[in-house]
Amino acid sequence: MTTIQQNIISQIDLLVAEHHAADTTGHDYFHIQRVFKLATYLQSLEGGSLFLVQAAALLHDYADFKLTDNPDQSLLTLREKLTELSLDQETIDTLFHIIAQVSFKGAKVDTTPDSLEAQIVQDADRIDALGAIGIARTFAYGGAHDSPIHLPDEIPTHHASFEQYKSSRSSSINHFHEKLLLLKDRINTPSARRIAQQRHDYLQGFLDQFQAEWDSRF
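Each value, and the rule that gives it
Residues numbered from 1 in each chain as written. Predicted model: local features only at pLDDT ≥ 70, side-chain atom pairs only at ≥ 80, totals over all residues. Heavy atoms only, no water. Helix = DSSP H or I, 4+ residues; strand = E, 2+ residues; numbered from the N terminus. Contact = heavy atoms within 4.5 Å. Core = buried A, V, L, I, M, F, W, Y, C linked by side-chain atoms within 4.5 Å. Buried < 20%, exposed > 50% of the residue type's maximum accessible area, 1.4 Å probe, protein only. Axes fitted to C-alpha atoms, helices over the stretch in contact; angles between N-to-C directions. Parallel < 35°, antiparallel > 145°, perpendicular 65-115°, else oblique. Left-handed = near helix turned anticlockwise from the far one by under 90°. Nonpolar A, V, L, I, M, F, W, Y, C, P; charged D, E, K, R; others polar. Salt bridge = Lys/Arg side-chain N within 4 Å of Asp/Glu carboxyl O. Phe/Tyr/Trp six-rings, centres within 6.5 Å; stacked < 30°, edge-to-face > 60°. Expected span 1.5 Å × (residues − 1). Lys, Arg positive; Asp, Glu negative; His and termini not counted.

(A) Here's a closer look at the side chain of threonine 91. Turning to its location among the elements, threonine 91 is positioned in helix α5 (residues 89–99). Setting aside anything within four residues of it in sequence, one finds threonine 91 in contact with Phe51 and Leu52.

Right, dumping it as structure tokens:
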């Protein structure tokens, strides 16, 4: 990566640090940092453009539908800010194409990325939704959106469209079944699969313990 690219990454880092500073949903700057570090590690093993991976990892939640009422306006603002950093429009378009492929959009929606860089960033983001951090983030998000911890009679839905997934509301525990437990089998790169499996196993152990305590099994 060139010195100019390194400087742009530093400027993007400052941009997203400010953008996510007040987040309490589990999509804060610490999440961005973890995804950045893991994506950088995966790129060192899998290849692809380090600049695109790092920039997309930093920007992947900037206009996420869960965090803004107007994703299109957020993207327009982001384009203006990236242009001010002297990024050309073709590179910005490539970054926008990558970050548009990162998010989970429903159990029955195919979100397989079409580039190695997008696969790496998606893997890094999904791994951060698993394990101990993933558990903590799930309840942080649920609390920020007034979701109950658990509704015993709730039946998980495997959403068939992004619109259905985006508009659904459920308990935090249900979110594990509608999304998190599915992520392990949707990891793209070999280097990420080992990490995802370990964190999936931890998550499954938590759910087993949670259910035992909920049912008052001693």
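(B) Layout of the nonpolar core. The biggest cluster of nonpolar side chains holds 53 residues, and the ones touching the most others in it are Ile12, Val16, Leu59 and Leu82. Contributing elements (two or more residues each) for this core: α1 (3–19), α2 (29–46), α3 (50–59), α4 (71–84), α5, α6 (116–127), α9 (172–178) and α10 (190–214). Contact partners of isoleucine 12, with chain neighbours within four places excluded, come to Ala55, Leu58, Leu59, Leu82 and Leu85.

(C) Quick look at the packing of α1 against α2. Taken N-terminus to C-terminus, the directions of α1 and α2 make an angle of 150 degrees; their axes are 9 Å apart at the nearest point. Taken together, the axis directions place α1 and α2 in an arrangement best described as roughly antiparallel. At the point where α1 passes α2, the crossing takes the right-handed sense. When α1 is examined against α2, the residues Ile9, Asp13, Val16 and Ala17 are found in contact with a partner set consisting of Tyr29, Ile32 and Phe36. Looking at the contact of α1 with α2 residue by residue, the class counts come to 6 nonpolar, no polar and 1 charged.

(D) Here's a closer look at the pattern of salt bridges. One pass over the structure, following the stated rule, counts 7 salt bridges. Of the charged contacts, one joins aspartate 128 and arginine 34 as a salt bridge, the two residues approaching to 2.7 Å between their closest N and O atoms. With a gap of 94 residues between them, aspartate 128 in the loop between α6 and α7 (131–144) and arginine 34 in helix α2 connect regions that are remote in the sequence. For arginine 79, the salt bridge goes to aspartate 93, with nearest N and O atoms at 2.7 Å. You can see arginine 79 sitting in helix α4 and its partner aspartate 93 sitting in helix α5, a full 14 residues away along the chain. Looking at arginine 79, the relative accessible area reads 24%, which means it is partly exposed. Assessed through its relative accessible area of 39%, aspartate 93 is described here as partly exposed. Connected via shared salt-bridge partners are Arg34, Asp128 and Arg137.

(E) Geometry of the packing of aromatic side chains. Taken as a whole, this structure holds 7 aromatic pairs when the rule is applied. On the basis of an interplanar angle of 85 degrees and a centroid distance of 5.1 Å, the ring pair of phenylalanine 65 and phenylalanine 162 is categorised as edge-to-face. Of the two residues, phenylalanine 65 sits in the loop between α3 and α4 while phenylalanine 162 sits in helix α8 (residues 162–167), which places them 97 residues apart along the sequence. Residue class for phenylalanine 162 comes out partly exposed when judged on its relative accessible area of 25%. Considering the side-chain rings of phenylalanine 139 and phenylalanine 206, the 6.2 Å spacing of their centres and the 70 degrees angle between planes classify their relative orientation as edge-to-face. Here phenylalanine 139 is found in helix α7, whereas its partner phenylalanine 206 is found in helix α10, with 67 residues between them in sequence.

(F) Here's a closer look at α6. Across its 12 residues, α6 extends 16 Å between first and last C-alpha, which sits within 8% of the 16 Å expected from 1.5 Å per residue. Of all 12 residues making up α6, 10 are buried, and the element is well covered by its neighbours. Within α6 the residues assigned to the buried category are Glu117, Ala118, Ile120, Val121, Gln122, Asp123, Ala124, Asp125, Arg126 and Ile127. Looking at the packing, one finds that the buried side of α6 touches α2, α3, α5 and α10.

(G) Region of the structure containing α3. Counting buried residues along α3, 9 of its 10 residues qualify, which places the element largely inside the surrounding structure. Taken together, the buried positions of α3 are Phe51, Leu52, Val53, Gln54, Ala55, Ala56, Ala57, Leu58 and Leu59. Each element contacted by the buried residues of α3 is listed here: α1, α2, α4, α5 and α6.

(H) The arrangement of the side chain of arginine 126 in detail. By the element assignment, arginine 126 lies in helix α6. No salt bridge is formed by the buried arginine 126, whose closest oppositely charged neighbour, aspartate 125, lies at an N-O distance of 6.1 Å. Leave out the neighbours within four places in its chain, and arginine 126 touches Val102, Ser103, Phe104, Thr111, Leu183, Arg186 and Ile187.

Geometric descriptors of this kind do not, in isolation, establish any biological role.
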